[in-house]
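Structure at a glance
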Amino acid sequence: MNDLLIEATKNFVKEQLKHAEGGHDWFHTERVFKTAKKISEKEQVDSLVVQLAALLHDIADPKFHDGDEEIGPKTAQEFLASQDLDPVRTDHVTNIIRYMSFKNSLDKSQPKFSSLELQVVQDADRLDAIGAIGIARTFNYGGFKNRPMYDPNIEPNLNMSKEEYKKSNAPTINHFYEKLLLLKDKINTDTGRELAEERHQFMLDYLEQFYKEWDT
C-alpha cells in the first residue's frame, strides 16, 4: 500500500512540476526525497510521512505563486485526501510543508510547528541549497529573475525580515551570505550535519575563487 502511494505521489509531483524553474523542478524534489530517506535511516521517524513530505514540499512554491503560502499545503492536502491517507498523517505532512521553509525562520511572530519528521525533510531540503548543487540552483534562480550576479556596491542584508527576504532582488552572490552560508548551523540531525560540512566548505572555496577572478 505504501509503495503504491509513494509511486502515485511521484507521478503527481512530476506532472505538477513539469514546467518548473530548474532549481525547483522534479530533480530537486527527487534529490530531497533520496536525502531525506538517507537521513531518516538513523532517526526514529514515520518514514511514510518523511517520504510524502519530501516529495510534496515544493509542489507549489509560494515564490512562483504570487507569494501565496497556503497553495502548497492545500494542494498537498487535497492530493493526499484523494489517496485516502489517514487524516493524522495528512495533517502532519501538510504542516511540514507549511512550516519548513527558511523564510519562516525569519518571522519570529509566526506560530511554530516542529517534529522529527519536519527536521529530517528540512535538513534534506537545506542540503540541496548548499554545495555544488546549491550554487548551481542559486545562479539558475538568479538568472530566472534577471538579477545581477554580483554588485560590489550592494552589501548583503544580514538582518532581513521575512517580508524583506521575500521581496529581495539583491545580486545572487548576496544570497550566499543572506541564506546559504547560514544553513550549516541550522541543520537539525547528526547525519545532516555530517553531509553539510563538505558542502559548506565547497561554497567558501567557490566564493574565494569567484572574488579572485572578479578582481583579475
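An account of the accompanying structure is given in this report. Everything quoted here is computed from the prediction, not taken from an experiment.

1. Concerning the overall build of the chain
Each helix and strand in the chain was counted, giving 10 helices and 0 strands. N-terminal to C-terminal, the α/β element order of the chain is α-α-α-α-α-α-α-α-α-α. Taking 216 residues into account, the globule formula puts the C-alpha radius of gyration at 17 Å, and the chain, at 17 Å, falls close to it. Along the three orthogonal principal directions, the C-alpha set of the chain runs to about 60 × 35 × 35 Å.

2. Brief notes about helix α1 (residues 2-16)
With 15 residues, α1 extends 21 Å from end C-alpha to end C-alpha; this agrees with the ideal 21 Å at 1.5 Å per step. Looking at α1, one finds that the buried residues are Leu5, Ile6, Thr9 and Val13. Buried positions in α1, seen along its axis, are confined to an arc of 95 degrees and lie on one side of it. In α1, the exposed positions angled more than 90 degrees off the buried face are occupied by Asp3 and Leu4.

3. Remarks on the environment of Ser168
Positionally, Ser168 belongs in the loop between α8 (162-167) and α9 (172-178). Residue Ser168 is classed as buried on the basis of its relative accessible area of 18%. Sequence-wise, Ser168 and Asn157 are 11 residues apart; in three dimensions their C-alpha atoms are separated by 9.5 Å. With residues near it in sequence (within four places) discarded, Ser168 still touches Arg147, Met160 and Glu178. In this structure the side chain of Ser168 is engaged in a polar contact, spanning 3.3 Å, whose partner is the backbone nitrogen of Ala170.

Analysis parameters
- Residues numbered from 1 in each chain as written.
- Predicted model: local features only at pLDDT ≥ 70, side-chain atom pairs only at ≥ 80, totals over all residues.
- Heavy atoms only, no water.
- Helix = DSSP H or I, 4+ residues; strand = E, 2+ residues; numbered from the N terminus.
- Rg over C-alpha atoms; globule rule 2.2 N^0.38 Å.
- Expected span 1.5 Å × (residues − 1).
- Buried < 20%, exposed > 50% of the residue type's maximum accessible area, 1.4 Å probe, protein only.
- Arc of directions from axis to C-beta.
- Contact = heavy atoms within 4.5 Å.
- Polar contact = N/O pair within 3.5 Å; in protein donor to acceptor, adjacent residues only side chain to side chain.

Spatial relationships are all this shows, so hold off on functional conclusions.
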